[in-house]
Amino acid sequence: MPSEIIYMCRRCGDLLSVEYNVDLMRPEIASNWVGRALSVWRYAELLPIVDRNKIVSLGEGGTSLNKCDRLGGYLGLKEVYVKNEGENPTGSFKDRGMTVGVTKALEMSMKRVACASTGNTSASLAAYAAKAGLECIVLIPSGKVALGKLVQAIIYGARVIQVKGNFDDALRIVEELCMTQPIYLLNSINPYRLEGQKTIAFEIWDQLGGKVPDKVIVPVGNAGNISAIWKGFRELYLMGLINRLPRMIGIQAEGAAPIANMIKMGSSEIKFVEKPETIATAIRIGSPVNWKKAVKAIRESGGLAETVSDEEILSAQKLLARLEGIFVEPASAASIAGLIKLSKNGLVEKDELVVCVATGHGLKDPDIILRQFPKPIEIEVDVNTLIKILSV
Ligand SMILES: *Cc1c(COP(=O)(O)O)cnc(C)c1O
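Residues numbered from 1 in each chain as written. Predicted model: local features only at pLDDT ≥ 70, side-chain atom pairs only at ≥ 80, totals over all residues. Heavy atoms only, no water.

**Focus on the sheet that holds strand β3 (residues 112-116)**
Next, step 1: Strand order in the open sheet formed by 4 strands is β5-β4-β3-β6, and the pairing between neighbours is parallel. A single partner strand is all that each edge strand has here, and the edge strands are β5 (159-163) and β6 (184-185).
Next, step 2: Pairing of strand β4 (residues 135-141) with β5, which is carried by 5 bridges, proceeds in the parallel orientation. Within β5, the position partnered with Ile-140 by the bridge is Gln-162.
Next, step 3: Packed on one face of the sheet, helix α3 (residues 120-132) meets β3 and β4 and runs near 170° to β3. (Pairing = 2+ DSSP bridges. Helix = DSSP H or I, 4+ residues; strand = E, 2+ residues; numbered from the N terminus. Contact = heavy atoms within 4.5 Å. Axes fitted to C-alpha atoms, helices over the stretch in contact; angles between N-to-C directions.)

This is how it looks when you write it as structure tokens:
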């Protein structure tokens, strides 16, 4: 097990990835999973942790996979599912990565951990660092983090530092900090985090009773998650547990869409976005560090990418809440907005099994809702007034 603290290849400068001994890539490994609860650690054999007694866990994973018949009906699709990652301990899929990443920090005897964040990474790291007794430093772009996420980082006791710049700027300086100081970096350039996140694929496979979706739709920011989910499906394939793979579909917000633009143009080069803009702050990222892995995932799987506008994101957020009772934050609604757009354009077919990954909980960003809807009306304590109002 590699114990060296290193994030990039010394020869080519590219990001690293965790690979397992071929002995583990056998279908029999899955027999160990059967008796365990649905969670990240159900799949411990395929997670890069040496000592399972030292795992830092808050009960992450095991999120519901909701069959969305009302949404499906609205779109004329038969099998639409939403994987609700908002059910994780701090309300986003980031917890799947942090349980592995922070355990790794302990394994490497690190005392301090750090990240740059659009909000959810810092909320998650702050919680897991608290549980592990580690000092946590988080850098966030000034004024661009949803309120719910900021209060999480604060209450879990992280040292929160606002940077007068965007996420990409904050990431650049935190990387420099961690390269020169004994502080463990837990952004998604850290390959161990992606290992935890790949369990989204394992759970989908488990929850569908061994079936493989035709398409998996994922909102894309720094592009770690779509890469991780693809890795998960590929490992199931290598183990001989599935005999085909889903197409990976990446959705970005129009104002922050370097990967989607590259894929749509069939280009071999990426053009980073200097000033990314979208109300979906969790995917407001112009220079996604995992872009190479994500482009590979989309192309290798025969998938595609699409952009959605802020209006489309907000209307998808409302639709999902009203048709299915699932309240997600705007970035998560991007996957639903993507599904709506693709199905209207004939790029998702009626009989296909589609899974949208809803990445984070709606309560993290209440401001965006209050800005769109009128305040509820107020009445005197009088039932007749109530009846009158309700029957108009
Ligand atoms: C982090 C995050 C994303 C983006 O994931 P990447 O791995 O950066 O592509 C999307 N939605 C939510 C809610 C997130 O917290």
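**Thoughts on the packing of helix α7 (residues 199-207) against helix α8 (residues 224-238)**
Next, step 1: At a minimum axis distance of 7 Å, the contact between α7 and α8 shows a crossing angle of 50°. Judged by the angle between their axes, α7 and α8 are oblique. Here Ile-200, Ala-201, Phe-202, Ile-204 and Trp-205 of α7 come into contact with α8, specifically with Asn-225, Ile-229, Gly-232, Phe-233, Glu-235 and Leu-236.
Next, step 2: Its residues placed into classes, the contact of α7 with α8 shows 8 nonpolar, 2 polar and 1 charged. (Parallel < 35°, antiparallel > 145°, perpendicular 65-115°, else oblique. Nonpolar A, V, L, I, M, F, W, Y, C, P; charged D, E, K, R; others polar.)

**What about the pattern of salt bridges?**
Next, step 1: This structure, assessed with the given rule, holds 26 salt bridges.
Next, step 2: Between Glu-45 and Arg-36 there is a salt bridge, and its shortest N-O distance comes to 2.8 Å.
Next, step 3: Judged by its relative accessible area of 26%, Arg-36 falls in the partly exposed class.
Next, step 4: Between Glu-107 and Lys-104 there is a salt bridge whose closest N-O contact spans 2.8 Å. You can see Glu-107 and its partner Lys-104 sitting in helix α2 (residues 94-107), 3 residues apart, about one turn around the helix.
Next, step 5: Relative accessible area serves as the criterion here: at 30%, Glu-107 is assigned to the partly exposed category.
Next, step 6: On the accessibility criterion, Lys-104 (1% relative accessible area) is buried.
Next, step 7: One continuous salt-bridge network, built from bridges that share partners, spans Lys-83, Glu-85, Arg-96 and Glu-203. (Salt bridge = Lys/Arg side-chain N within 4 Å of Asp/Glu carboxyl O. Buried < 20%, exposed > 50% of the residue type's maximum accessible area, 1.4 Å probe, protein only.)

**A short note on the site of the ligand**
Next, step 1: For the ligand, the set of nearby residues contains 16 residues, the closest of which are Lys-94, Asn-120, Asn-222, Ala-223 and Thr-359.
Next, step 2: Contact between the ligand and Gly-221: an oxygen atom at 2.8 Å from a main-chain N or O atom of the residue.
Next, step 3: At a separation of 2.8 Å, an oxygen atom of the ligand approaches a polar backbone atom of Ala-223.
Next, step 4: Isolated, the ligand exposes 380 Å² of accessible area, and the fraction of that covered by the protein chains is 96%.
Next, step 5: Counting only elements with at least two residues in the shell around the ligand, the list comes to α8 and α12 (330-344).
Next, step 6: Each residue belonging to the shell around the ligand can be placed in one class, and the counts come to 6 nonpolar, 8 polar and 2 charged. (Near = heavy atom within 4 Å. Polar contact = N/O pair within 3.5 Å; in protein donor to acceptor, adjacent residues only side chain to side chain. Areas by Shrake-Rupley, 256 points an atom, 1.4 Å probe, with all protein chains shown as cover.)

**Looking at the domain arrangement of the chain**
Next, step 1: Structurally, the chain comprises domain 1 (65-91 + 193-372) and domain 2 (94-190).
Next, step 2: Relative placement of domain 1 and domain 2: their C-alpha centres are 23 Å apart.
Next, step 3: Taken together, the contacts link 30 residues of domain 1 with 30 residues of domain 2.
Next, step 4: Interface area, domain 1 with domain 2, both sides summed: about 2,500 Å², of which 47% is carbon and sulfur.
Next, step 5: When the buried surface of domain 1 facing domain 2 is broken down by residue, Thr-90, Arg-193 and Lys-364 rank first, second and third, together holding 35% of it.
Next, step 6: Applying the counting criterion to the domain 1 and domain 2 interface returns 3 salt bridges.
Next, step 7: Between Glu-203 and Arg-96 there is a salt bridge; the shortest N-O distance is 2.9 Å.
Next, step 8: Where the side of domain 1 that touches domain 2 is concerned, the elements lending two or more residues are α6 (191-197) and α7.
Next, step 9: No other element matches α6, which puts 4 residues into the side of domain 1 that touches domain 2.
Next, step 10: Of the residues assigned to the side of domain 1 that touches domain 2, the class counts are 7 nonpolar, 12 polar and 11 charged. (Domains from an automatic or database assignment. Buried area = accessible area lost by both parts, 1.4 Å probe.)

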